[in-house]
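Coordinate analysis (summary)
One letter stands for each residue in the lines below.
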Amino acid sequence: MRKLGFGLMRLPLTNPADQTSIDIEKFKEMVDVYMERGFTYFDTAYPYHGGASERALREAVVKRYPREAFTVTSKMPVWAINEKADLERVFNEQLEKCGVDYFDYYWLHALNHERVEAMEQHDGWGFIAQKKAEGKIRHIGFSFHDDSALLAQILERHPEVEYVQLQINYLDWDSPAIESRTCYELCVKHGKPVIVMEPVKGGSLARVPDAIDRLFKDYNPDASPASWAIRFCASLPNVMTVLSGMSNMEQLKDNTSYMQDFQPLNDEEQAIIAQATQVIRNSIAVQCTACHYCTEGCPQQIAIPEYFNLYNMVQQFSDQHSNAKLYYGLLAKNHGQASDCIECGQCEAQCPQRLDIIDSLKLVAQTFE
């Protein structure tokens with residue numbers, strides 16, 4: 001299997017304000033190019049695109065290609081499980097939405113301390129092992145968003161898992177909040193291959209400051225900033241595949257161009273990445289990956305990731321303030337403004353990056369309102 005997976009959480013939309021409005025025809029075109037270039041791995045999940053991602057997979061891939069030609073992975077939304085019976089109900093719903101009889105890879109989604117306790121209580125681990133025995137799952141594992149101490153406990157307690165999905169990118173590699181390196185090394189110690197999510201950090205590493213862009217271009221004029229980020233992850237020897245949430249054909253063609261005949265980073269490229277990390281770390285004000293977990297239950301319907309993206313744009317590029325303010329006004333017509341935040345805290349409880357969302361929204365409001 002080639003080391004580039006198609007993450008189905010940032011698909012093209014017909015209406016940018018509606019995450020469920022996936023442009024199926026554009027998605028089909030992207031799938032066809034992806035498959036023609038020899039890639040097969042599609043990663044979806046229950047909450048992606050407001051619940052529409054799994055159905056989009058069925059329409060664009062499952063109905064159009066023989067089952068043995070592609071790999072499907074999805075995840076149990078552990079936060080939606082209130083009793084053991086919910087596991088069976090949700091799993092069967094996912095099979096139906098995806099239009100498949102089995103998942104190649106299936107895991108417990110976005111585990112943290114609270115969700116691990118819930119899965120122990122409802123025997124989520126036993127459930128996915130049972131489905132593997134029934135032939136409805138080929139490989140079982142979990143995706144993870146918490147500290148390395150918890151990851152170590154899980155790997156000790158559940159040696160039956162076959163892989164782990166981690167957030168890894170060169171900006172988070174030595175981050176004390178994300179602990180990408182430490183978590184990766186734990187997986188190596190336990191012999192668990194790693195699937196990488198957020199290699200471009202929600203697109204942040206595809207739009208680097210001018211100084212870093214020049215640094216990259218001086219070494220390789222044809223390589224995109226995203227290619228540096230994805231190759232960094234794919235160069236790690238214990239990485240099985242790197243997911244990229246591709247939103248348009250340009251991104252897909254770029255990613256597949258250098259991943260068809262993947263070459264790991266050499267020592268000189270690793271040194272350039274180290275330089276870039278320092279500069280970028282100082283320039284990104286809010287380290288948001290636009291996963292949208294924070295918006296699912298927001299009572300004010302605030303477009304949190306979109307507002308943070310605009311705020312970061314202004315912090316990185318001083319000439320973008322008027323343009324960003326225009327987009328802020330357009331978004332605020334259909335969503336709550338940043339100042340509408342009532343500080344309920346549900347967003348921070350859901351944030352895999354553990355961001356101080358409430359305080360950051362106050363900065364957004366000061367900048368754009």
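For every chain, the first residue of the written sequence is number 1, and numbering continues from 1 along that sequence. Given that this is a predicted model, residues contribute local features only at a pLDDT of at least 70 and side-chain atom pairs are listed and counted only at 80 or more, while totals for whole chains, interfaces and linings are drawn from all residues. With hydrogens and water stripped out, all remaining heavy atoms of the structure feed into the side-chain values.

**A short note on the overall build of the chain**
A run of H or I in DSSP counts as a helix once it spans at least four residues, and a run of E counts as a strand once it spans at least two, with each numbered from the N terminus. Each helix and strand in the chain was counted, giving 15 helices and 8 strands. Against the globule reference of 21 Å for 369 residues, the chain gives a C-alpha radius of gyration of 20 Å, in line with a compact fold. Exposed residues in this analysis have more than 50% of their type's maximum accessible area, buried residues have under 20%, and partly exposed residues fall in between, with area computed by a 1.4 Å probe over protein chains only. The buried share of the chain, reckoned over its 369 residues, is 55%. Contacts are residue-level and defined by heavy atoms, with any inter-residue pair within 4.5 Å sufficient. For the chain, the share of sequence-separated contacts (at least 6 apart) that also reach a separation of at least 24 residues comes to 75%. For a compact globule the rule gives 2.2 Å times the number of residues to the power 0.38, and the radius of gyration it is set against comes from C-alpha atoms.

**Remarks on the pairing of strand β7 (residues 194-197)**
What you see with β7 is no split at all: V194 and V196 on one side and I195 and M197 on the other are buried throughout. In this description, strands pair whenever DSSP reports at least two bridges between them. As defined by bridge partners, strand β6 (residues 163-167) adjoins β7 across 4 bridges and the pair is classed as parallel. Across the sheet, L166 pairs through a bridge with V196, a residue of β7. In this sheet, strand β8 (residues 239-244) lies alongside β7 in parallel orientation, the contact comprising 3 bridges.

**Quick notes on a nonpolar patch on the surface**
Residues L326, Y327 and L330 make up a contiguous nonpolar surface patch of about 310 Å² in total accessible area. Structurally, Y327 is set in helix α13 (residues 321-332). Patch membership needs two things, relative accessible area over 30% and no salt bridge, and members are linked within 9 Å if like-charged or within 5 Å if nonpolar (Val, Leu, Ile, Met, Phe, Trp, Tyr). Accessibility throughout is a Shrake-Rupley quantity obtained with a 1.4 Å probe, and a residue counts as covered only by protein chains that appear here. By definition, a salt bridge exists where a carboxyl oxygen of Asp or Glu is found within 4 Å of a side-chain nitrogen of Lys or Arg.

**Topic: the environment of D43**
For D43, the position within the fold is in strand β2 (residues 41-43). The class of D43 is buried, set by a relative accessible area of 2%. As for D43 and E306, which are separated by 263 residues in sequence, their C-alpha atoms are 23 Å apart. For D43, the residues in contact, after removing those within four places along its chain, are F6, G7, L8, Y48, T73, K75, W107, Q165 and L243.

**Side note on the packing of helix α1 (residues 24-36) against helix α10 (residues 249-259)**
Interaxial angles span 0 to 180 degrees and are taken between N-to-C directions of axes, which are lines fitted to C-alpha atoms, for helices over the stretch in contact. Contact pair α1 / α10: the axes reach a minimum separation of 10 Å and the direction vectors enclose 10°. Considered as vectors, α1 and α10 are oriented roughly parallel to each other. Here E29, M30, V33 and Y34 of α1 lie close against α10, whose contacting residues are M249, L252, K253 and T256. Ten residue types, Ala, Val, Leu, Ile, Met, Phe, Trp, Tyr, Cys and Pro, are classed as nonpolar, four, Asp, Glu, Lys and Arg, as charged, and the remainder, Gly among them, as polar. Among the residues making up the contact of α1 with α10, the classes are represented as 5 nonpolar, 1 polar and 2 charged. For classification, angles of less than 35 degrees are called roughly parallel, those exceeding 145 degrees roughly antiparallel, those between 65 and 115 degrees roughly perpendicular, and all remaining angles oblique.

**Regarding the packing of aromatic side chains**
Side-chain rings of Phe, Tyr and Trp, where Trp is taken by its six-membered ring, are said to pair if the distance between their centres is within 6.5 Å; with planes under 30 degrees apart they count as stacked, over 60 as edge-to-face, and otherwise as tilted. One pass over the structure, following the stated rule, counts 22 aromatic pairs. With a centroid separation of 5.8 Å and 45° between ring planes, the pair formed by Y41 and Y105 is classed as tilted. Placement of Y41 in strand β2 and of Y105 in strand β4 (residues 103-111) is noted, with a sequence separation of 64 residues between them. Here Y41 falls in the buried class, since its relative accessible area comes to 1%. When the centroid spacing of 4.5 Å and the interplanar angle of 10° are considered together, the rings of F216 and W228 count as stacked. Within this pair, whereas F216 is found in helix α8 (residues 210-219), its partner W228 is found in helix α9 (residues 225-234), the two being separated by 12 residues in sequence. Neither F216 nor W228 differs from the other in exposure class; each is buried. Three or more aromatic residues joined by ring pairs form one cluster here, namely F6, F27, Y34, F39 and F42. Geometry around F39 places R2 over its ring, the cationic atom sitting 5.5 Å from the centre. Working rule: Lys NZ or Arg CZ, within 6 Å of ring centre, within 35 degrees of ring normal, means a charge sits over the ring. The ring of Y46 has K97 lying over it, and the distance from NZ or CZ to the ring centre is 4.7 Å.

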